[in-house]
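Close look at the chain arrangement
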Amino acid sequence: MKHGLLIDMDGVVYAGDELISGADKFIGRLLAEDIPFTFMTNNSQRTPLEVVRKLKRLGIEVTEKHVYTSATATGTFLATHAPNGTVYVLGEGGLLTSLHESGLTLVETDPEFVVLGEGRNFTLEMVHRAVNMILGGAKFIITNRDPSPRKPGWNNLGITAVAAMIEEATGRRAFSIGKPSPVMFRAARKVLGLQTEGTTVIGDTMDTDIQGGIQLGYRTILVLSGISKKEHLGRYAFKPDLVVSSVDEIVFPLKWWK
């Protein structure tokens, strides 16, 4: 059976703009041993090329084919379910690029879909416009439900906070594409040509990476170099197949690879 990896980024490979120790060697091993993998990130602002450039600055050399974002997943989903559809976008960079490349038309009036992603540049007026569009019949999609960081000085609300405003104002709950939604997990697996039994998720967050993987029957590895703490794992009704301090502790072949 072909085996491969869906790897989260922030908290697994880097923390902000700092490389997590050993992550470069870990990715080097995957490339040297020809183990299929893709970085699977909920961040919809960056294009895959921008992600590749950031990784290169940190000492990791990969290509755009190794990056799968929630923006990519959103574009793929809409291209499948509403080919040549029209969208009004609250978002930036990577999301706009993905939707355009997927054949969607970006409009300012009468869209079939309103799509919300991360961003700092859209205004309350744009949010009001989105509310009216949804009340007028547009469907509401968000790239993910990542929460706000809740840190002083942070200048990005987080999608969940903005989505909550629109959901309350319209009475419509958004359809979410990114982790832990099965939409993104399944799409990323298919890009690598993997079957469910051959897919392993590596992440630092129980509520997104590990939960999403388990719900789809994937194997899961939790790293403690990011958000999750070992003493908190007992709070969850599910558990990962393996827990390590960081990715440099992972040994191949994994024990469930047959």
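As shown above, the structure is provided for reference.
The structure contained in this document is the topic of the report that follows. Computed from a predicted structure; not experimentally measured.

Focus on unusual backbone geometry
The omega torsion of the bond from Lys-179 to Pro-180 falls at 5°, within 30 degrees of zero and hence cis. With respect to the helices and strands, Pro-180 occurs in the loop between strand E10 (175-176) and helix H7 (182-191). A cis amide bond links Phe-252 to the next residue, Pro-253, at an omega of 0°. Locating Pro-253 in the fold gives a position in the segment after strand E13 (242-244). Phi at Asn-84 takes a positive value of approximately 65°, unusual for a residue other than glycine.

Section: the nonpolar core
Core analysis: the biggest nonpolar cluster contains 30 residues, and Leu-5, Ile-7, Phe-26 and Ile-202 have the highest contact counts within it. Counting only elements with at least two residues in this core, the list comes to strand E1 (4-7), helix H1 (23-32), strand E4 (37-41), helix H2 (48-57) and strand E12 (219-223). Considering every element that reaches this core, the biggest residue donor is H1, with 4 residues. Once you skip the residues sitting within four places of it in the chain, Ile-7 turns out to touch Val-12, Val-13, Phe-26, Ile-27, Leu-30, Phe-37, Thr-38, Phe-39, Met-40 and Ile-202. Of all hydrophobic cores here, the second largest spans 27 residues; its members include Phe-77, Leu-78, Ile-177 and Ala-187.

Section: the pairing of E12
Along E12, 4 of the 5 residues are buried, which leaves the element largely enclosed by surrounding structure. The β-α-β motif built from strand E11 (residues 199-203), the intervening helix H8 (residues 206-215) and the parallel element E12 has right-handed crossover chirality. Looking at chain direction, E12 and E13 are connected through 3 bridges and run parallel. Looking at E13, one finds that Val-223 is bridged to Val-244.

What about the packing of helix H3 (residues 70-81) against helix H4 (residues 93-101)?
At a closest axis distance of 8 Å, the pairing of H3 and H4 adopts a crossing angle of 25°. Classified by the angle their axes make, H3 and H4 are roughly parallel. Relative to H4, H3 is oriented so that their crossing is right-handed. Contact residues: H3 offers Ala-71, Thr-72, Thr-74, Gly-75 and Leu-78, while H4 offers Gly-94, Leu-95, Ser-98 and Leu-99. Here the contact of H3 with H4 is built from residues that sort into 4 nonpolar, 5 polar and no charged.

Quick look at the packing of helix H5 (residues 124-135) against helix H6 (residues 159-170)
With their axes 9 Å apart at the nearest point, H5 and H6 run at an angle of 45° to one another. One element, H5, and the other, H6, form an angle in the oblique class. Seen from above, H5 lies across H6 with right-handed handedness. Counting all contacts with H5, which are made through Val-127, Ala-130, Val-131, Ile-134 and Leu-135, the residues of H6 involved are Val-162, Met-165, Ile-166, Ala-169 and Thr-170. The class makeup of the residues in the contact of H5 with H6 is 9 nonpolar, 1 polar and no charged.

Digging into the environment of Ala-138
Mapped onto the fold, Ala-138 is located in the loop between H5 and strand E9 (139-142). Accessibility expressed as a relative area gives 5% for Ala-138, which makes it buried. It is 32 Å that separates the C-alpha atoms of Ala-138 and Ile-210, two residues lying 72 residues apart in sequence. The contact partners of Ala-138, leaving out residues within four places of it in the chain, are Pro-111, Glu-112, Phe-113, Val-114, Met-133 and Arg-172.

Definitions and cut-offs
Residues numbered from 1 in each chain as written. Predicted model: local features only at pLDDT ≥ 70, side-chain atom pairs only at ≥ 80, totals over all residues. Heavy atoms only, no water. Helix = DSSP H or I, 4+ residues; strand = E, 2+ residues; numbered from the N terminus. Core = buried A, V, L, I, M, F, W, Y, C linked by side-chain atoms within 4.5 Å. Buried < 20%, exposed > 50% of the residue type's maximum accessible area, 1.4 Å probe, protein only. Contact = heavy atoms within 4.5 Å. Right-handed = clockwise from strand over helix to strand, strands pointing away. Pairing = 2+ DSSP bridges. Axes fitted to C-alpha atoms, helices over the stretch in contact; angles between N-to-C directions. Parallel < 35°, antiparallel > 145°, perpendicular 65-115°, else oblique. Left-handed = near helix turned anticlockwise from the far one by under 90°. Nonpolar A, V, L, I, M, F, W, Y, C, P; charged D, E, K, R; others polar.

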